[in-house]
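# Structure assessment
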Amino acid sequence: MTALDGVTLGLERGTFTAVMGPSGSGKSTLLQCAAGLDRPDSGIVRVDGTELTGGGEAELTRFRRGRIGFVFQQYNLLDTLTVAQNTVLPLKLAGRRVDRRRVRDVLTAVGLGDRLGHRPDQLSGGQRQRVAIARALVTEPRVIFADEPTGALDTRSARGVLRLLQDAVRVHGRTVVMVTHDPVAASYADSVLFLADGRLAGRMDAPTPDRVAERLAHLGDDVPTGV
Ligand SMILES: Nc1ncnc2c1ncn2[C@@H]1O[C@H](COP(=O)(O)OP(=O)(O)OP(=O)(O)O)[C@@H](O)[C@H]1O
Ligand SMILES: [Mg+2]
């Protein structure tokens with residue numbers, strides 16, 4: 001079984017890209033490989049000028065902790081830790097100094113400046129995902145990968161999360177790659193990549209919800225163009 005087959009793509013620094021496609025088309029696999037959380041059987045992955053597929057496990061882990069942030073659909077917060085403790089975890093794992101003011105600033109930026117001592121089970125889904133975004137931002141990564149970050153959220157919370165990802169790109173110049181099933185979420189991105197059966201099946205710049213929905217409905221109808 002091949003999850004991804006012959007996918008070649010490059011994403012510009014400082015852009016926001018959405019990845020869409022049917023269930024099982026390889027979106028999560030693509031993200032996991034790009035983020036160095038999984039290794040492709042063949043091929044190379046380069047992030048921020050460094051080849052992830054080149055070195056050993058320790059080197060990869062160090063690189064990932066320094067330059068990559070990851071946001072999951074189900075938040076992946078630790079229930080026994082507070083909001084502030086969850087947020088600083090990547091810094092601790094990387095052996096970096098924890099600047100209390102910076103942690104407060106990051107949490108304030110995601111609208112949780114008054115929740116530092118709360119635990120995840122005292123927060124709504126949208127608030128939990130904003131903690132996960134703060135955790136991804138705290139190391140000031142070059143690239144943020146998000147796998148269906150709004151998949152479990154209501155429309156309003158989703159909008160808050162999407163604006164944060166958009167700001168990471170527009171205000172802070174980071175690169176964001178986000179898997180989503182939602183045409184509205186995809187319209188926050190600069191461009192959309194479509195996957196079908198583990199292959200690239202198209203690309204759309206300046207997406208609108210209507211055009212994205214239309215393209216999704218016809219994915220696989222014809223020969224891929226414009227990739
Ligand atoms: N660790 C794995 N080993 C082998 N096959 C896998 C593995 N993970 C996923 N697959 C397979 O690879 C294909 C792509 O899976 P992937 O999870 O990337 O799809 P997806 O596009 O993210 O789907 P969804 O929208 O349901 O999340 C599927 O056929 C899946 O069964
Ligand atoms: Mg997936």
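Basis of the calculations
Residue positions are given per chain, counted from 1 along the sequence in the order it is written. Both sets of labels track the order of writing: A upward for chains, 1 upward for ligands. Local features in this predicted model are restricted to residues whose pLDDT is 70 or higher, and side-chain atom pairs enter the listing and the counts only when it is 80 or higher, whereas totals over whole chains, interfaces and linings include all residues. To get the side-chain values, take all heavy atoms of the structure and skip hydrogens and water. The way it works is that DSSP assigns letters per residue, a run of H or I at least four long becomes a helix, a run of E at least two long becomes a strand, and they are numbered from the N terminus. Radius of gyration: C-alpha atoms only; globule rule: 2.2 Å multiplied by the number of residues to the exponent 0.38. Classification of residues uses two cut-offs on accessible area relative to the type maximum, computed with a 1.4 Å probe and protein chains only: under 20% is buried, over 50% is exposed, and between them is partly exposed. The contact criterion used is simple: two residues touch if any of their non-hydrogen atoms lie within 4.5 Å. In this description, accessible areas are obtained by the Shrake-Rupley approach with a 1.4 Å probe, and a residue is regarded as covered only by the protein chains that are shown. Counted charges follow a simple rule, with Lys and Arg positive, Asp and Glu negative, and His plus the chain ends left uncounted. Charge positions come from single atoms, namely NZ of Lys, CZ of Arg, CG of Asp or CD of Glu. Whether a residue is near a molecule or strand depends on its heavy atoms: it is near if one of them lies within 4 Å of it. In protein, a polar contact requires one atom able to donate a hydrogen and another able to accept it; more generally it is a pair of N or O atoms within 3.5 Å, and residues adjacent in sequence count only if both atoms are side-chain atoms. Here the rule is simple: two strands pair whenever DSSP picks up at least two bridges between them. In what follows, salt bridge is the name for a side-chain nitrogen of Lys or Arg lying within 4 Å of a carboxyl oxygen of Asp or Glu. The directions considered for the arc are those from the helix axis to the C-beta atoms. Ring pairs are drawn from Phe, Tyr and Trp, using the six-membered ring of Trp, whenever the two centres fall within 6.5 Å, and their geometry is named by plane angle: stacked under 30 degrees, edge-to-face over 60, tilted for the rest.

By the naming in an unreviewed UniProt entry, the chain goes by Putative ABC transport system ATP-binding protein and is assigned to Streptomyces paradoxus.

Time to look at the overall build of the chain. On a plain count of helices and strands, the chain comes out with 8 helices and 8 strands. In summary, the chain has a C-alpha radius of gyration of 17 Å against a globular reference of 17 Å for 227 residues, a match within 12%. The dimensions of the chain, computed from C-alpha atoms along their principal axes, are 55 × 40 × 30 Å. Per-residue burial over the chain gives 44% buried out of 227 residues. Restricting the contact set of the chain to residue pairs at least 6 apart, pairs at least 24 apart contribute 65%. Split by element, the accessible area of the chain, about 11,700 Å² in all, is 45% carbon and sulfur. Charged side chains of the chain number 30 positive and 26 negative; the gap between the two group centres comes to 9 Å.

Another point: the site of ligand 1. Not every one of the 12 residues close to ligand 1 is listed here, only the nearest: Ser23, Gly24, Lys27, Ser28 and Thr29. A distance of 2.8 Å is found between an oxygen atom of ligand 1 and a backbone nitrogen or oxygen belonging to Gly24. Measuring from an oxygen atom of ligand 1, one finds a side-chain N or O atom of His181 at 3.0 Å.

Bringing the pairing of strand E6 (residues 175–179) into the picture now. Among the 5 residues of E6, 5 are classified as buried, and the element is accordingly described as predominantly covered. Residues Thr175, Val177 and Val179 line one face of E6 and the alternating positions Val176 and Met178 line the opposite face, and both faces are buried. Sheet analysis places strand E1 (residues 16–20) next to E6, joined by 4 bridges and oriented parallel. Its bridge partner being in E6, Phe16 is matched across the sheet by Val176. Where strand E5 (residues 143–147) meets E6, 5 bridges bridge the pair, whose relative direction is parallel. Residue pairing in the sheet places Val143 in a bridge with Thr175 of E6.

Here we come to the side chain of Thr82. Structurally, the position occupied by Thr82 is in the loop between strand E4 (68–71) and helix H3 (83–93). Thr82 sits in the buried class, given a relative accessible area of 12%. With residues up to four places along the chain from it excluded, the contact list for Thr82 reads Leu116, Gly117, His118 and Arg119.

Attention now goes to the pattern of salt bridges. Opposite charge on two side chains permits them to pair, given that their charged atoms come into close proximity. Counted by the stated rule, this structure contains 9 salt bridges. Between Asp48 and Arg13 there is a salt bridge; the shortest N-O distance is 2.9 Å. Here Arg13 lies in the segment before E1 and Asp48 lies in the loop between strand E2 (46–47) and strand E3 (50–51), a separation of 35 residues in the sequence. Among the ionic pairs, Glu140 bridges to Arg102, the shortest N-O distance being 3.7 Å. Placement of Glu140 in the loop between helix H5 (125–137) and E5 and of Arg102 in helix H4 (residues 100–109) is noted, with a sequence separation of 38 residues between them.

Another aspect to go through is the side chain of Gln129. Looking at where Gln129 falls in the secondary structure, it is placed in helix H5. Apart from the residues within four sequence positions on either side, Gln129 is in contact with Val71, Phe72, Gln73, Tyr75, Pro149, Leu153 and Val161.

Quick look at helix H1 (residues 27–34) now. Listed as buried for H1 are Lys27, Leu30, Leu31, Cys33 and Ala34. Angularly, the buried residues of H1 cover 165° about the axis, an arc narrow enough to put them on a single face. Where H1 ends, the next residue or the one after it, Gly36, has phi of about 75°, a positive value.

Another point: the packing of aromatic side chains. What the rule picks out here adds up to 2 aromatic pairs. A ring pair is formed by Phe70 and Phe72, whose centres lie 4.7 Å apart and whose planes are at 40°; its orientation type is tilted. Here Phe70 and Phe145 contribute two aromatic rings whose centre-to-centre distance is 6.3 Å and whose plane-to-plane angle is 35°, an arrangement assigned as tilted. Placement of the pair is Phe70 in strand E4 and Phe145 in strand E5, with a sequence separation of 75 residues. The class of Phe70 is buried, set by a relative accessible area of 11%. Through a chain of ring-to-ring contacts, the aromatic side chains of Phe70, Phe72 and Phe145 assemble into a single cluster.

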